[in-house]
Each structure stands twice: as C-alpha cells, then as structure tokens.
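# Survey of secondary and tertiary structure
Here are the chains, one letter per residue:
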Amino acid sequence: MVSEQELIEQIRHGELGSFKMLFERYYCAILAFARGIVDNDFHADEITQNVFIRIWIKRATLDPDRNFKSFLYTLTRHEVADYFRSDRYDRYRCRLELLREAEHVQDRFAAEYDAERMRQMVLDEIERMPAQRREVFRLSRIEGLANDQIAERLRISKRTVEGHLNKALGTLRSKVGKFVC
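Note that the structure is a prediction, hence the values are computed from the model and not measured. (Residues numbered from 1 in each chain as written. Predicted model: local features only at pLDDT ≥ 70, side-chain atom pairs only at ≥ 80, totals over all residues. Heavy atoms only, no water.)

## Remarks on unusual backbone geometry
Unlike most non-glycine residues, Arg155 shows phi in positive territory, near 60 degrees. If you trace the backbone, Arg155 turns up in the loop between α7 (147-154) and α8 (158-180). (Helix = DSSP H or I, 4+ residues; strand = E, 2+ residues; numbered from the N terminus.)

So, in structure tokens, the structure goes:
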C-alpha cells in the first residue's frame, strides 16, 4: 500500500492514478462528513466532489509533509460553509419550506373534507330516523334541552325520550362509527 506522502507527491506531479487512489481512499469518509452537516445527499455529494476537484486544481501546492486528512476535512468545512452562503442553499431551504407548507395545507383540506363528509353522513342518518326520534335527537343535541324538557314539550314520557336518544345514538355509532374508526 502506497503511503499518503507518496500519493501526495505523485499527485503534485499530475499522476492521475495516484489521485484516483486518494479519491477512493477518502471519498466515503468525506461524503459521510458532509452529509452529516448538510443533511441532503445530493448536496453532500456535490460538496465532496468539489473538495476533490479543488485538490486536483491546487495539486501543485499540496504539501506531502502536512497532515493530509486534517487538510481534507478543513477543505470540506470550507466547502460546506460556501454551500450555506450560496443561493443553492437558500433555494433548497425555500423549496423545503414550500413542501412542508403544502403538506400542511393538504392535511388541513383533508381534515376539513373528512369533517364535512362526517357531518353530512350524520345529517343523512338523522334524516332517515323516524320523525319522533329525529325530533328528540334535534331537541337534545342541537337545542341542548334536558330530557325532562323534551318530554314536556313533545308530551311523551321521559323514558320514551331516553329510549329514542339511545336508539338514535346507537344508529349513529353503527353507521358513522365505521367512518371514524
């Protein structure tokens, strides 16, 4: 295995095979480092490629006696900083915010649609009830009257009111409860 200093020296003289070896040796580590900071695979890959392109362009100035790994991570941090200062990052962040907002709006519309659908199902089931049961339910749940008041208004017993309410609620649970679950 060729030492790091030898690889750097060969790269300084334009040896492409040595550069390829260096690239293969460090690419995954630099990519993982960039991905950990940027949290976006595409941009992390782009940053990593820029690091190696910069090394190739500045190959004549590389110092074989310097700690190359440290230099490589420093170069990566600079590329990441450039990325965060760039328009690409701002556009990416804006797109993410738009996507999150779109998901929120979609969820809100879906919830409103579901609530409206549920309301309509309840109204349809109430309309299908016998007239007296429907009236008892309306007086109890919509007007908020107590069972005594409903019995007095409709001139029926309190027990009949309770029976109608129990049947009405049972019907709604059986028909609309499936939708809720």
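## Looking at the packing of aromatic side chains
A complete count under the given rule lists eight aromatic pairs for this structure. Taking the centre distance of 4.8 Å and the plane angle of 35 degrees together, the rings of Phe23 and Tyr27 count as tilted. Of the two residues, Phe23 and Tyr27 both sit in helix α2 (residues 16-38), four residues apart, roughly one turn of that helix. Overall, the relative accessible area of 27% leaves Phe23 in the partly exposed class. The buried category is assigned to Tyr27, whose relative accessible area is 16%. Residues Phe23 and Phe52 carry aromatic rings whose centres are separated by 4.9 Å and whose planes lie at 70 degrees to one another, so their mutual orientation is edge-to-face. With a gap of 29 residues between them, Phe23 in helix α2 and Phe52 in helix α3 (residues 41-57) connect regions that are remote in the sequence. Pairwise contacts between aromatic rings join Phe19, Phe23, Tyr27, Phe52 and Trp56 into one cluster. It is Arg59 that lies over the ring of Trp56; its NZ or CZ is 4.1 Å from the centre. (Phe/Tyr/Trp six-rings, centres within 6.5 Å; stacked < 30°, edge-to-face > 60°. Buried < 20%, exposed > 50% of the residue type's maximum accessible area, 1.4 Å probe, protein only. Lys NZ or Arg CZ within 6 Å of the ring centre and 35° of its normal.)

## Quick notes on the side chain of Glu79
Its location among the elements puts Glu79 in helix α4 (residues 68-85). Polar side-chain contacts of Glu79 include one of 3.5 Å to the side chain of Asn50. If we skip the residues at most four places from it in the chain, Glu79 touches Ile47, Asn50, Val51 and Arg54. (Polar contact = N/O pair within 3.5 Å; in protein donor to acceptor, adjacent residues only side chain to side chain. Contact = heavy atoms within 4.5 Å.)

## A word on the nonpolar core
Core analysis: the biggest nonpolar cluster contains 23 residues, and Leu22, Tyr26, Phe52, Ile55, Leu62, Phe68 and Leu72 have the highest contact counts within it. Among the secondary structure elements, those contributing two or more residues to this core are α1 (4-12), α2, α3 and α4. If you tally residues by element for this core, the top one is α2, at eight residues. Each residue touching Leu22, except ones within four places of it in the same chain, is listed here: Leu7, Ile8, Ile11, Phe52 and Phe68. Within the second largest apolar cluster, 15 residues are counted, among which are Met129, Leu165, Leu169 and Val176. (Core = buried A, V, L, I, M, F, W, Y, C linked by side-chain atoms within 4.5 Å.)

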